[in-house]
Amino acid sequence: MNIPSEKIIDVRDVVKSFGNVRALRGVSLSVDKGEVVVIVGPSGSGKSTMLRCLNALERIDGGSITIDGVPLDADSRHIHQVRTEVGMVFQSFNLFPHLTARKNIMLAPRLVRKKGEDEARAEADILLKKVGLGDKTDAFPGQLSGGQKQRVAIARALAMQPKIMLFDEPTSALDPEMIGEVLAVMQNLAREGMTMVVVSHEMGFAREVADRMLFFDEGRLVEEGPTADVLDRPKEARTQEFFKKVLK
Amino acid sequence: MLEFLAQQAQIFLDIFAYLIPALPTTVAITVTAYLLAVTLGLLVSLARLSNWKSLRWPAKAYVDVLRGVPLLVQIFFIYFGLGKVLHLGRFSAGVLAVGICYSAYLSEIFRSGISAIEKGQHEAALSLGMTRLQVLRYVILPQAARIIVPPAANEFIASLKDSSLVSIIGLRELTRAGREYYSQFFVDFQTWLAVGILYLILTLGLSRIVAWLEKRYRVHGYGVAH
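Since we're looking at a predicted model, the values are computed, not measured.

Residue and element names in this part refer to chain A. Spatially, β2-β1-β4-β5 is the arrangement adopted by the four strands of the open sheet, whose pairing is antiparallel. Looking along the sheet, the strands with just one partner apiece sit at the ends: β2 (21–32) and β5 (70–71). Pairing between strand β1 (residues 7–18) and β2: nine bridges, direction antiparallel. When the bridges of β2 are listed, Val 15 appears paired with Arg 25.

The following block contains the structure:
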(Lines give C-alpha, C1' and ligand atoms only; values in the text may rest on other atoms or scores of the structure.)
Protein backbone atom coordinates (compact mmCIF):
# COMPACT_ATOMS: atom_id res chain seq x y z
CA MET A 1 0.00 0.00 0.00
CA ASN A 2 1.22 3.45 -0.77
CA ILE A 3 -1.00 5.50 1.47
CA PRO A 4 1.13 8.40 2.71
CA SER A 5 1.53 7.98 6.45
CA GLU A 6 0.89 10.88 8.77
CA LYS A 7 2.98 10.95 11.91
CA ILE A 8 0.76 11.98 14.82
CA ILE A 9 3.31 11.16 17.54
CA ASP A 10 6.96 11.99 17.02
CA VAL A 11 9.44 11.22 19.78
CA ARG A 12 13.12 12.02 19.35
CA ASP A 13 16.05 11.13 21.61
CA VAL A 14 13.97 11.43 24.76
CA VAL A 15 15.83 11.23 28.05
CA LYS A 16 14.19 11.10 31.46
CA SER A 17 15.64 10.47 34.93
CA PHE A 18 14.09 10.10 38.36
CA GLY A 19 16.90 11.13 40.66
CA ASN A 20 19.68 8.70 39.87
CA VAL A 21 17.47 6.31 37.97
CA ARG A 22 17.66 6.77 34.22
CA ALA A 23 14.19 5.74 33.11
CA LEU A 24 14.56 6.67 29.44
CA ARG A 25 17.99 6.71 27.80
CA GLY A 26 17.41 8.23 24.39
CA VAL A 27 14.21 6.93 22.87
CA SER A 28 13.01 7.79 19.38
CA LEU A 29 9.77 6.51 17.92
CA SER A 30 6.81 7.63 15.89
CA VAL A 31 3.20 6.60 15.57
CA ASP A 32 1.06 7.12 12.49
CA LYS A 33 -2.49 8.35 12.55
CA GLY A 34 -4.88 5.44 13.08
CA GLU A 35 -2.12 3.08 14.11
CA VAL A 36 -2.38 0.80 17.14
CA VAL A 37 0.95 0.30 18.88
CA VAL A 38 1.59 -1.98 21.83
CA ILE A 39 4.59 -1.41 24.07
CA VAL A 40 5.93 -4.42 25.97
CA GLY A 41 8.92 -4.98 28.19
CA PRO A 42 9.96 -6.02 31.68
CA SER A 43 8.96 -3.86 34.64
CA GLY A 44 11.26 -0.90 35.05
CA SER A 45 12.02 -0.87 31.32
CA GLY A 46 10.62 2.65 30.92
CA LYS A 47 7.50 1.75 28.94
CA SER A 48 5.04 3.41 31.33
CA THR A 49 7.34 6.42 31.69
CA MET A 50 7.40 6.77 27.91
CA LEU A 51 3.62 6.71 27.79
CA ARG A 52 3.31 9.28 30.59
CA CYS A 53 5.70 11.60 28.77
CA LEU A 54 3.35 11.65 25.77
CA ASN A 55 0.85 13.84 27.63
CA ALA A 56 3.41 15.53 29.87
CA LEU A 57 2.43 13.77 33.09
CA GLU A 58 6.21 13.36 33.22
CA ARG A 59 8.39 16.17 31.91
CA ILE A 60 11.30 15.04 29.75
CA ASP A 61 14.89 16.02 30.55
CA GLY A 62 16.10 15.95 26.96
CA GLY A 63 15.00 15.29 23.38
CA SER A 64 11.67 16.32 21.93
CA ILE A 65 8.08 15.12 21.68
CA THR A 66 5.62 16.45 19.12
CA ILE A 67 1.95 15.47 19.24
CA ASP A 68 -0.12 16.24 16.15
CA GLY A 69 2.24 19.09 15.30
CA VAL A 70 2.28 20.59 18.81
CA PRO A 71 5.64 20.44 20.59
CA LEU A 72 5.53 19.39 24.27
CA ASP A 73 7.90 22.10 25.43
CA ALA A 74 7.95 24.47 28.39
CA ASP A 75 4.91 26.36 27.06
CA SER A 76 2.01 25.42 29.33
CA ARG A 77 -0.49 26.25 26.55
CA HIS A 78 1.08 23.52 24.42
CA ILE A 79 0.81 21.03 27.27
CA HIS A 80 -2.80 21.96 27.83
CA GLN A 81 -3.62 21.68 24.13
CA VAL A 82 -2.02 18.23 23.90
CA ARG A 83 -3.82 16.98 26.99
CA THR A 84 -7.21 17.98 25.63
CA GLU A 85 -6.51 15.89 22.52
CA VAL A 86 -4.85 12.88 24.10
CA GLY A 87 -6.95 10.59 26.29
CA MET A 88 -5.38 8.42 28.96
CA VAL A 89 -6.53 5.27 30.73
CA PHE A 90 -4.72 4.21 33.88
CA GLN A 91 -3.98 0.88 35.48
CA SER A 92 -5.80 1.90 38.67
CA PHE A 93 -8.77 3.52 36.80
CA ASN A 94 -8.57 6.78 38.77
CA LEU A 95 -12.28 7.45 38.50
CA PHE A 96 -13.47 10.36 40.62
CA PRO A 97 -15.07 8.51 43.56
CA HIS A 98 -17.34 11.40 44.57
CA LEU A 99 -19.09 11.51 41.19
CA THR A 100 -21.46 9.09 39.46
CA ALA A 101 -20.36 7.31 36.28
CA ARG A 102 -22.24 9.85 34.18
CA LYS A 103 -20.78 12.84 36.03
CA ASN A 104 -17.28 11.38 35.80
CA ILE A 105 -17.72 11.48 32.04
CA MET A 106 -19.40 14.90 31.93
CA LEU A 107 -16.88 16.80 34.03
CA ALA A 108 -14.11 17.48 31.51
CA PRO A 109 -16.40 18.27 28.54
CA ARG A 110 -18.22 20.76 30.79
CA LEU A 111 -15.09 22.41 32.20
CA VAL A 112 -12.63 22.14 29.34
CA ARG A 113 -14.84 22.07 26.24
CA LYS A 114 -17.40 24.39 27.89
CA LYS A 115 -20.27 22.17 26.80
CA GLY A 116 -23.75 22.72 28.16
CA GLU A 117 -25.18 20.43 30.81
CA ASP A 118 -27.72 18.79 28.50
CA GLU A 119 -25.32 18.18 25.64
CA ALA A 120 -22.66 16.75 27.96
CA ARG A 121 -25.19 14.49 29.65
CA ALA A 122 -26.56 13.18 26.36
CA GLU A 123 -23.04 12.41 25.13
CA ALA A 124 -22.10 10.74 28.40
CA ASP A 125 -25.13 8.46 28.17
CA ILE A 126 -24.24 7.52 24.58
CA LEU A 127 -20.67 6.70 25.63
CA LEU A 128 -21.84 4.61 28.58
CA LYS A 129 -24.04 2.61 26.21
CA LYS A 130 -21.11 2.21 23.87
CA VAL A 131 -19.00 0.59 26.60
CA GLY A 132 -21.95 -1.57 27.64
CA LEU A 133 -22.87 0.29 30.82
CA GLY A 134 -26.04 2.07 29.79
CA ASP A 135 -27.68 0.92 33.02
CA LYS A 136 -24.94 2.29 35.30
CA THR A 137 -25.30 6.03 34.67
CA ASP A 138 -26.07 6.86 38.29
CA ALA A 139 -23.74 4.36 39.94
CA PHE A 140 -20.79 5.65 41.95
CA PRO A 141 -17.38 4.10 41.23
CA GLY A 142 -17.50 2.33 44.60
CA GLN A 143 -20.52 0.38 43.36
CA LEU A 144 -18.85 -0.89 40.17
CA SER A 145 -16.61 -3.88 39.51
CA GLY A 146 -13.05 -3.37 38.28
CA GLY A 147 -13.95 -4.09 34.68
CA GLN A 148 -16.91 -1.73 34.83
CA LYS A 149 -14.74 1.01 36.35
CA GLN A 150 -12.18 0.67 33.59
CA ARG A 151 -14.88 0.87 30.94
CA VAL A 152 -16.24 4.06 32.55
CA ALA A 153 -12.66 5.40 32.56
CA ILE A 154 -12.38 4.70 28.82
CA ALA A 155 -15.71 6.44 28.22
CA ARG A 156 -14.52 9.39 30.29
CA ALA A 157 -11.41 9.76 28.15
CA LEU A 158 -13.43 9.39 24.93
CA ALA A 159 -15.80 12.17 25.99
CA MET A 160 -13.06 14.68 25.18
CA GLN A 161 -13.07 13.33 21.60
CA PRO A 162 -9.34 12.67 21.66
CA LYS A 163 -7.22 12.07 18.58
CA ILE A 164 -5.01 9.64 20.47
CA MET A 165 -5.70 7.24 23.34
CA LEU A 166 -2.98 6.11 25.72
CA PHE A 167 -3.51 2.97 27.81
CA ASP A 168 -1.19 2.32 30.74
CA GLU A 169 -1.56 -1.37 31.62
CA PRO A 170 -5.36 -1.07 31.49
CA THR A 171 -6.06 -4.68 32.51
CA SER A 172 -3.25 -5.32 35.01
CA ALA A 173 -5.38 -4.49 38.05
CA LEU A 174 -8.35 -6.59 36.91
CA ASP A 175 -9.52 -10.03 37.92
CA PRO A 176 -9.01 -12.44 35.01
CA GLU A 177 -12.72 -12.75 34.22
CA MET A 178 -13.01 -8.99 33.69
CA ILE A 179 -10.09 -8.54 31.34
CA GLY A 180 -12.08 -9.63 28.29
CA GLU A 181 -14.78 -6.97 28.58
CA VAL A 182 -12.18 -4.18 28.71
CA LEU A 183 -10.14 -5.57 25.82
CA ALA A 184 -13.34 -5.87 23.75
CA VAL A 185 -14.03 -2.16 24.21
CA MET A 186 -10.45 -1.36 23.21
CA GLN A 187 -10.71 -3.61 20.17
CA ASN A 188 -13.83 -1.79 18.99
CA LEU A 189 -12.03 1.50 19.41
CA ALA A 190 -9.13 0.26 17.31
CA ARG A 191 -11.56 -0.86 14.62
CA GLU A 192 -13.03 2.64 14.50
CA GLY A 193 -9.60 3.94 13.56
CA MET A 194 -8.48 5.45 16.85
CA THR A 195 -4.75 6.01 17.21
CA MET A 196 -3.77 3.98 20.26
CA VAL A 197 -0.60 3.45 22.26
CA VAL A 198 -1.02 0.60 24.73
CA VAL A 199 1.35 -0.58 27.43
CA SER A 200 0.18 -4.11 28.11
CA HIS A 201 1.14 -7.67 28.89
CA GLU A 202 -1.83 -9.04 26.95
CA MET A 203 -0.05 -10.75 24.07
CA GLY A 204 -3.25 -12.22 22.64
CA PHE A 205 -4.78 -8.77 22.40
CA ALA A 206 -1.58 -7.40 20.90
CA ARG A 207 -1.47 -10.06 18.22
CA GLU A 208 -5.07 -9.47 17.26
CA VAL A 209 -5.28 -5.69 17.44
CA ALA A 210 -1.85 -4.07 17.31
CA ASP A 211 -0.26 -3.03 14.02
CA ARG A 212 3.13 -2.70 15.60
CA MET A 213 4.92 -3.84 18.71
CA LEU A 214 7.71 -2.01 20.54
CA PHE A 215 9.94 -3.80 22.99
CA PHE A 216 11.54 -1.68 25.74
CA ASP A 217 14.35 -2.70 28.06
CA GLU A 218 16.45 -0.64 30.46
CA GLY A 219 15.17 2.66 29.18
CA ARG A 220 15.72 1.90 25.52
CA LEU A 221 13.60 0.91 22.56
CA VAL A 222 15.31 -2.38 21.79
CA GLU A 223 13.18 -3.71 18.95
CA GLU A 224 10.14 -2.77 16.93
CA GLY A 225 8.20 -4.14 14.01
CA PRO A 226 4.87 -5.60 12.86
CA THR A 227 3.35 -7.35 15.88
CA ALA A 228 3.50 -10.88 14.49
CA ASP A 229 7.14 -10.46 13.47
CA VAL A 230 8.26 -9.28 16.88
CA LEU A 231 6.20 -11.91 18.67
CA ASP A 232 7.17 -14.86 16.49
CA ARG A 233 10.62 -13.97 15.22
CA PRO A 234 12.23 -11.56 17.66
CA LYS A 235 15.67 -10.49 16.44
CA GLU A 236 17.26 -9.25 19.61
CA ALA A 237 18.47 -11.61 22.31
CA ARG A 238 16.79 -9.58 25.07
CA THR A 239 13.45 -9.69 23.27
CA GLN A 240 13.73 -13.45 22.81
CA GLU A 241 14.54 -13.87 26.48
CA PHE A 242 11.60 -11.72 27.55
CA PHE A 243 9.07 -13.61 25.41
CA LYS A 244 10.45 -16.92 26.64
CA LYS A 245 9.50 -15.86 30.16
CA VAL A 246 6.17 -14.25 29.32
CA LEU A 247 4.78 -16.69 26.78
CA LYS A 248 5.42 -19.97 28.49
CA MET B 1 -36.00 27.00 101.21
CA LEU B 2 -38.56 27.96 98.64
CA GLU B 3 -37.69 31.54 99.21
CA PHE B 4 -33.99 30.75 98.61
CA LEU B 5 -34.78 29.00 95.33
CA ALA B 6 -36.96 31.83 94.15
CA GLN B 7 -34.22 34.28 94.99
CA GLN B 8 -31.63 32.22 93.09
CA ALA B 9 -33.93 31.91 90.08
CA GLN B 10 -34.32 35.66 90.07
CA ILE B 11 -30.55 36.13 90.16
CA PHE B 12 -30.07 33.77 87.21
CA LEU B 13 -32.82 35.43 85.20
CA ASP B 14 -31.12 38.72 85.90
CA ILE B 15 -27.71 37.41 84.83
CA PHE B 16 -29.03 35.82 81.64
CA ALA B 17 -30.88 39.00 80.74
CA TYR B 18 -27.57 40.83 81.09
CA LEU B 19 -25.46 38.28 79.19
CA ILE B 20 -27.69 37.40 76.27
CA PRO B 21 -27.33 40.74 74.44
CA ALA B 22 -23.57 40.02 74.30
CA LEU B 23 -24.09 36.64 72.60
CA PRO B 24 -24.40 38.04 69.05
CA THR B 25 -20.95 39.64 69.41
CA THR B 26 -19.40 36.31 70.41
CA VAL B 27 -21.08 34.65 67.43
CA ALA B 28 -20.06 37.50 65.09
CA ILE B 29 -16.40 37.38 66.17
CA THR B 30 -16.30 33.62 65.79
CA VAL B 31 -18.00 33.44 62.41
CA THR B 32 -16.04 36.33 60.88
CA ALA B 33 -12.74 35.09 62.29
CA TYR B 34 -13.46 31.57 61.07
CA LEU B 35 -14.27 32.71 57.54
CA LEU B 36 -10.99 34.62 57.52
CA ALA B 37 -9.21 31.55 58.90
CA VAL B 38 -10.65 29.25 56.22
CA THR B 39 -9.64 31.61 53.41
CA LEU B 40 -6.12 32.25 54.73
CA GLY B 41 -5.72 28.62 55.79
CA LEU B 42 -6.56 27.33 52.32
CA LEU B 43 -4.10 29.72 50.68
CA VAL B 44 -1.38 28.81 53.17
CA SER B 45 -1.97 25.07 52.71
CA LEU B 46 -1.75 25.47 48.93
CA ALA B 47 1.47 27.44 49.34
CA ARG B 48 2.87 24.64 51.51
CA LEU B 49 1.96 22.06 48.87
CA SER B 50 3.31 24.18 46.03
CA ASN B 51 6.10 23.07 43.73
CA TRP B 52 7.91 26.33 44.41
CA LYS B 53 10.24 26.43 47.37
CA SER B 54 9.88 30.21 47.55
CA LEU B 55 6.21 29.69 48.47
CA ARG B 56 6.64 26.64 50.69
CA TRP B 57 9.18 28.15 53.02
CA PRO B 58 7.32 31.31 54.10
CA ALA B 59 4.13 29.30 54.51
CA LYS B 60 5.87 26.90 56.88
CA ALA B 61 7.32 29.81 58.86
CA TYR B 62 3.84 31.38 59.10
CA VAL B 63 2.39 28.18 60.56
CA ASP B 64 5.30 27.59 62.93
CA VAL B 65 5.21 31.11 64.36
CA LEU B 66 1.45 31.30 64.82
CA ARG B 67 1.23 27.87 66.41
CA GLY B 68 4.12 28.62 68.71
CA VAL B 69 2.84 31.87 70.23
CA PRO B 70 -0.14 31.98 72.64
CA LEU B 71 -3.30 33.47 71.14
CA LEU B 72 -3.53 35.90 74.05
CA VAL B 73 -0.13 37.34 73.14
CA GLN B 74 -1.16 37.54 69.48
CA ILE B 75 -4.26 39.48 70.51
CA PHE B 76 -2.14 41.96 72.49
CA PHE B 77 0.30 42.26 69.62
CA ILE B 78 -2.39 42.89 67.04
CA TYR B 79 -4.47 45.28 69.15
CA PHE B 80 -1.73 47.27 70.86
CA GLY B 81 1.01 46.82 68.25
CA LEU B 82 -0.41 46.60 64.75
CA GLY B 83 -3.71 48.13 65.82
CA LYS B 84 -2.11 51.42 66.79
CA VAL B 85 -0.39 51.67 63.41
CA LEU B 86 -3.39 50.57 61.35
CA HIS B 87 -6.01 52.21 63.63
CA LEU B 88 -7.86 48.96 64.21
CA GLY B 89 -10.94 48.94 66.40
CA ARG B 90 -11.46 46.31 69.07
CA PHE B 91 -13.70 44.17 66.90
CA SER B 92 -11.40 44.23 63.87
CA ALA B 93 -8.33 43.53 65.99
CA GLY B 94 -10.08 40.66 67.79
CA VAL B 95 -11.33 39.09 64.57
CA LEU B 96 -7.95 39.51 62.90
CA ALA B 97 -6.07 37.92 65.82
CA VAL B 98 -8.39 34.91 66.17
CA GLY B 99 -8.70 34.51 62.37
CA ILE B 100 -4.96 34.59 61.71
CA CYS B 101 -4.18 32.27 64.59
CA TYR B 102 -6.76 29.71 63.49
CA SER B 103 -5.67 29.95 59.84
CA ALA B 104 -2.43 28.27 60.93
CA TYR B 105 -4.26 25.34 62.52
CA LEU B 106 -6.70 25.05 59.62
CA SER B 107 -3.93 25.15 57.01
CA GLU B 108 -2.45 22.02 58.56
CA ILE B 109 -5.83 20.29 58.44
CA PHE B 110 -6.34 21.33 54.80
CA ARG B 111 -2.84 20.26 53.89
CA SER B 112 -3.22 16.77 55.32
CA GLY B 113 -6.67 16.42 53.73
CA ILE B 114 -5.46 17.48 50.30
CA SER B 115 -2.33 15.35 50.37
CA ALA B 116 -4.40 12.33 51.39
CA ILE B 117 -6.01 12.29 47.93
CA GLU B 118 -4.06 9.89 45.74
CA LYS B 119 -1.84 11.21 42.99
CA GLY B 120 -3.84 9.32 40.35
CA GLN B 121 -6.78 11.69 40.88
CA HIS B 122 -4.61 14.68 39.92
CA GLU B 123 -3.19 12.81 36.96
CA ALA B 124 -6.55 11.66 35.63
CA ALA B 125 -7.96 15.17 35.86
CA LEU B 126 -4.88 16.79 34.30
CA SER B 127 -4.85 14.23 31.50
CA LEU B 128 -8.42 15.30 30.66
CA GLY B 129 -7.14 18.82 30.05
CA MET B 130 -8.36 20.45 33.27
CA THR B 131 -6.39 23.37 34.67
CA ARG B 132 -4.74 23.08 38.09
CA LEU B 133 -7.45 25.28 39.59
CA GLN B 134 -10.23 23.14 38.09
CA VAL B 135 -8.55 19.98 39.37
CA LEU B 136 -8.44 21.48 42.84
CA ARG B 137 -11.98 22.84 42.79
CA TYR B 138 -13.84 19.92 41.18
CA VAL B 139 -11.73 16.83 41.93
CA ILE B 140 -9.46 17.29 44.93
CA LEU B 141 -11.37 19.55 47.34
CA PRO B 142 -14.70 17.69 47.16
CA GLN B 143 -12.87 14.50 48.14
CA ALA B 144 -10.62 16.18 50.68
CA ALA B 145 -13.68 17.82 52.26
CA ARG B 146 -14.73 14.50 53.75
CA ILE B 147 -11.41 14.27 55.52
CA ILE B 148 -11.25 17.96 56.38
CA VAL B 149 -14.75 18.68 57.69
CA PRO B 150 -14.66 16.87 61.08
CA PRO B 151 -11.35 18.33 62.35
CA ALA B 152 -12.11 21.73 60.80
CA ALA B 153 -15.44 21.77 62.61
CA ASN B 154 -13.62 21.04 65.86
CA GLU B 155 -11.49 24.10 65.20
CA PHE B 156 -14.64 26.16 64.74
CA ILE B 157 -15.85 25.07 68.17
CA ALA B 158 -12.42 25.74 69.65
CA SER B 159 -12.35 29.20 68.08
CA LEU B 160 -15.74 29.96 69.59
CA LYS B 161 -14.31 29.22 73.02
CA ASP B 162 -11.10 31.11 72.29
CA SER B 163 -13.10 34.16 71.25
CA SER B 164 -13.48 34.70 75.01
CA LEU B 165 -9.82 35.80 75.06
CA VAL B 166 -10.80 38.87 73.06
CA SER B 167 -12.54 40.15 76.20
CA ILE B 168 -9.08 41.20 77.40
CA ILE B 169 -8.97 44.13 74.96
CA GLY B 170 -12.36 45.33 76.15
CA LEU B 171 -14.57 43.99 73.40
CA ARG B 172 -17.96 43.37 74.94
CA GLU B 173 -18.63 39.75 74.09
CA LEU B 174 -19.98 37.03 76.37
CA THR B 175 -17.02 36.72 78.75
CA ARG B 176 -16.58 40.49 78.99
CA ALA B 177 -20.27 40.85 79.82
CA GLY B 178 -19.79 38.28 82.57
CA ARG B 179 -16.94 40.26 84.05
CA GLU B 180 -18.97 43.45 83.94
CA TYR B 181 -21.89 41.83 85.69
CA TYR B 182 -19.62 40.41 88.34
CA SER B 183 -17.88 43.70 89.02
CA GLN B 184 -21.20 45.49 89.38
CA PHE B 185 -23.04 43.01 91.57
CA PHE B 186 -20.29 40.83 93.04
CA VAL B 187 -22.12 37.59 92.25
CA ASP B 188 -19.27 35.31 91.19
CA PHE B 189 -20.43 31.68 91.27
CA GLN B 190 -23.76 32.25 89.50
CA THR B 191 -22.29 34.63 86.91
CA TRP B 192 -19.57 32.26 85.71
CA LEU B 193 -21.93 29.31 85.84
CA ALA B 194 -24.31 31.21 83.56
CA VAL B 195 -21.48 32.20 81.17
CA GLY B 196 -20.35 28.58 81.05
CA ILE B 197 -23.87 27.36 80.32
CA LEU B 198 -24.25 29.79 77.42
CA TYR B 199 -20.92 28.67 75.87
CA LEU B 200 -21.98 25.06 76.34
CA ILE B 201 -25.31 25.63 74.59
CA LEU B 202 -23.48 27.16 71.63
CA THR B 203 -20.82 24.45 71.36
CA LEU B 204 -23.22 21.54 71.84
CA GLY B 205 -25.56 23.04 69.26
CA LEU B 206 -22.67 23.34 66.82
CA SER B 207 -21.57 19.74 67.42
CA ARG B 208 -25.05 18.56 66.50
CA ILE B 209 -25.02 20.58 63.28
CA VAL B 210 -21.59 19.17 62.36
CA ALA B 211 -22.74 15.59 62.95
CA TRP B 212 -25.74 16.23 60.71
CA LEU B 213 -23.54 17.71 57.97
CA GLU B 214 -21.21 14.70 58.03
CA LYS B 215 -24.13 12.35 57.60
CA ARG B 216 -25.70 14.47 54.89
CA TYR B 217 -22.58 14.53 52.70
CA ARG B 218 -21.75 10.85 52.91
CA VAL B 219 -21.44 9.37 49.43
CA HIS B 220 -22.74 5.90 48.75
CA GLY B 221 -20.03 3.27 48.24
CA TYR B 222 -17.36 5.92 48.77
CA GLY B 223 -14.53 5.08 51.11
CA VAL B 224 -14.83 1.38 50.32
CA ALA B 225 -12.61 0.60 47.34
CA HIS B 226 -12.17 2.86 44.38
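Here the focus is the nonpolar core. Generally speaking, nonpolar side chains in soluble globular proteins are found buried as a group. The biggest cluster of nonpolar side chains holds 75 residues, and the ones touching the most others in it are Ile 9, Met 50, Leu 54, Ile 65, Ile 67 and Phe 96 of chain A together with Met 130 of chain B. With 10 residues, helix α5 (residues 90–115) of chain B is the largest single contributor of residues to this core. Excluding anything up to four places from it in sequence, Ile 65 of chain A contacts Asp 10, Val 11, Val 14, Met 50, Cys 53, Leu 54, Ile 60, Val 70, Pro 71 and Leu 72 of chain A. Membership of the second largest hydrophobic core comes to 50 residues, among which are Leu 133, Ala 206, Met 213 and Phe 243 of chain A.

A word on the packing of aromatic side chains. Applying the stated criterion across every chain, the model contains 11 aromatic pairs over all chains. Through a chain of ring-to-ring contacts, three or more aromatic side chains come together here, namely Phe 215, Phe 242 and Phe 243 of chain A. Positioned over the ring face of Tyr 79 of chain B is Lys 84 of chain B, at 4.9 Å from the centre of the ring. A cation sits over an aromatic face here: Arg 137 of chain B above Tyr 138 of chain B, 4.6 Å from the ring centre.

In this section: the pairing of strand β3 (residues 36–40) of chain A. Regular strands place their side chains on alternate faces of the sheet. All names here are of chain A. Here β3 lies mainly inside the structure; five of its five residues are buried. In this sheet, strand β8 (residues 195–199) lies alongside β3 in parallel orientation, the contact comprising four bridges. Bridge pairing in β8 links Val 37 to Val 197. Relative to strand β9 (residues 212–217), β3 is paired through four bridges, and the arrangement is parallel. By the bridge assignment, Ile 39 is partnered in β9 with Leu 214.

We now examine the sheet that holds β9 of chain A. Residues and elements named next belong to chain A. Taking strand neighbours across the sheet as the criterion, the six strands line up as β6-β7-β8-β3-β9-β10 in an open arrangement whose pairing is mixed. Two strands lie at the open edges of the sheet, namely β6 (86–89) and β10 (220–226), each paired on one side alone. When strand polarity is set aside, the average angle formed by the axes of neighbouring strands in this sheet is 15°. Across four bridges, β6 lies against strand β7 (residues 164–168) in parallel orientation. Across the sheet, Gly 87 pairs through a bridge with Met 165, a residue of β7. Here helix α5 (residues 146–158) sits on the sheet and contacts β6 and β7; the angle it forms with β6, its principal contact strand, is near 170°. Of the strands in this sheet, β3, β9 and β10 are in contact with helix α9 (residues 237–246), which crosses β9 at around 100°.

Once that is clear, we can look at a nonpolar patch on the surface. Residues Leu 72, Phe 76, Phe 80 and Ile 168 of chain B make up a contiguous nonpolar surface patch of roughly 320 Å² in combined accessible area. Its place among the elements puts Leu 72 of chain B in helix α4 (residues 71–86).

Definitions and limits used
- Residues numbered from 1 in each chain as written.
- Chains lettered and ligands numbered in written order.
- Predicted model: local features only at pLDDT ≥ 70, side-chain atom pairs only at ≥ 80, totals over all residues.
- Heavy atoms only, no water.
- Pairing = 2+ DSSP bridges.
- Helix = DSSP H or I, 4+ residues; strand = E, 2+ residues; numbered from the N terminus.
- Core = buried A, V, L, I, M, F, W, Y, C linked by side-chain atoms within 4.5 Å.
- Buried < 20%, exposed > 50% of the residue type's maximum accessible area, 1.4 Å probe, protein only.
- Contact = heavy atoms within 4.5 Å.
- Phe/Tyr/Trp six-rings, centres within 6.5 Å; stacked < 30°, edge-to-face > 60°.
- Lys NZ or Arg CZ within 6 Å of the ring centre and 35° of its normal.
- Axes fitted to C-alpha atoms, helices over the stretch in contact; angles between N-to-C directions.
- Patch = residues over 30% accessible without salt bridge, like charges linked within 9 Å, V, L, I, M, F, W, Y side chains within 5 Å.
- Areas by Shrake-Rupley, 256 points an atom, 1.4 Å probe, with all protein chains shown as cover.
- Salt bridge = Lys/Arg side-chain N within 4 Å of Asp/Glu carboxyl O.

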